[in-house]
Amino acid sequence: MPIYRCPKCGRTIELPEGKYYCKVCGPTAIMVKVDSIKEEIKKRIQSMLYKEWKEHEDYVIRELVKEGYPEPYVREALKEVVMETTGRPL
Ligand SMILES: [Zn+2]
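Residues numbered from 1 in each chain as written. Predicted model: local features only at pLDDT ≥ 70, side-chain atom pairs only at ≥ 80, totals over all residues.

Draft legend 1. Representation of the sheet that holds strand β1 (residues 3–5) in the model. The strand order across the open sheet formed by three strands is β2-β1-β5, and the pairing between neighbours is antiparallel. One side of each edge strand has no neighbouring strand; the edge strands of this open sheet are β2 (12–14) and β5 (32–33). Pairing geometry for β1 and β2, over three bridges, is antiparallel. Counterpart to Arg5 in the pairing with β2 is Thr12. (Pairing = 2+ DSSP bridges. Helix = DSSP H or I, 4+ residues; strand = E, 2+ residues; numbered from the N terminus.)

Draft legend 2. Spotlight on the domain arrangement of the chain. Domain assignment breaks the chain into domain 1 (3–30) and domain 2 (37–86). One C-alpha centre belongs to domain 1, the other to domain 2, and the line joining them spans 37 Å. (Domains from an automatic or database assignment.)

Draft legend 3. Structural context of helix α1 (residues 34–66). Here α1 spans 45 Å end to end across 33 residues, near enough to the 48 Å set by a 1.5 Å rise per residue. Along its length, α1 reaches its greatest deviation from straightness, about 55 degrees, at His56. Of all 33 residues in α1, zero are buried, a share of ten percent or less. (Expected span 1.5 Å × (residues − 1). Bend = angle between axes of the 7 residues up to and from the residue. Buried ≥ 20, exposed ≤ 12 C-beta atoms within 10 Å, placed from the backbone.)

Draft legend 4. Seen up close, the packing of α1 against helix α2 (residues 71–86). At a closest axis distance of 10 Å, the pairing of α1 and α2 adopts a crossing angle of 165 degrees. When the axes of α1 and α2 are compared, the pair comes out roughly antiparallel. Of the two possible hands of crossing, α1 and α2 adopt the one that is right-handed. Between α1 and α2, the residues in contact are Gln46, Leu49, Tyr50, Trp53, Val60, Ile61, Leu64 and Val65 and Glu71, Val74, Arg75, Leu78, Val82, Thr85 and Thr86, respectively. Split by residue class, the contact of α1 with α2 holds ten nonpolar, three polar and two charged. (Axes fitted to C-alpha atoms, helices over the stretch in contact; angles between N-to-C directions. Parallel < 35°, antiparallel > 145°, perpendicular 65-115°, else oblique. Left-handed = near helix turned anticlockwise from the far one by under 90°. Contact = placed C-beta atoms within 7 Å. Nonpolar A, V, L, I, M, F, W, Y, C, P; charged D, E, K, R; others polar.)

Draft legend 5. Looking closely at α2. For α2, built from 16 residues, the straight-helix expectation of 22 Å at 1.5 Å per residue is met to within 8% by its first-to-last C-alpha distance of 22 Å. Directly beyond the C-terminal end of α2, a positive phi value near 80 degrees is found at Gly87.

This is the structure in structure tokens:
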């Protein structure tokens, strides 16, 4: 059975597939399926990582080029890592 979580108080409950509201917080608090919460968190993490990449892109390239790696390869590799961690290019 899926687990549902209250977005207001965080209470979780295991119930058959359906729509529920939180018994503590009332009908305005619609319980959210935990799976969807995890997907939502993943999207948040990806967008946080994206911001980090944006800020550190130049630094990463500069440091690796300083270490002697050819810039085109560094840029290519960075592009792939960014895609893997954020799902989109910088
Ligand atoms: Zn609640």
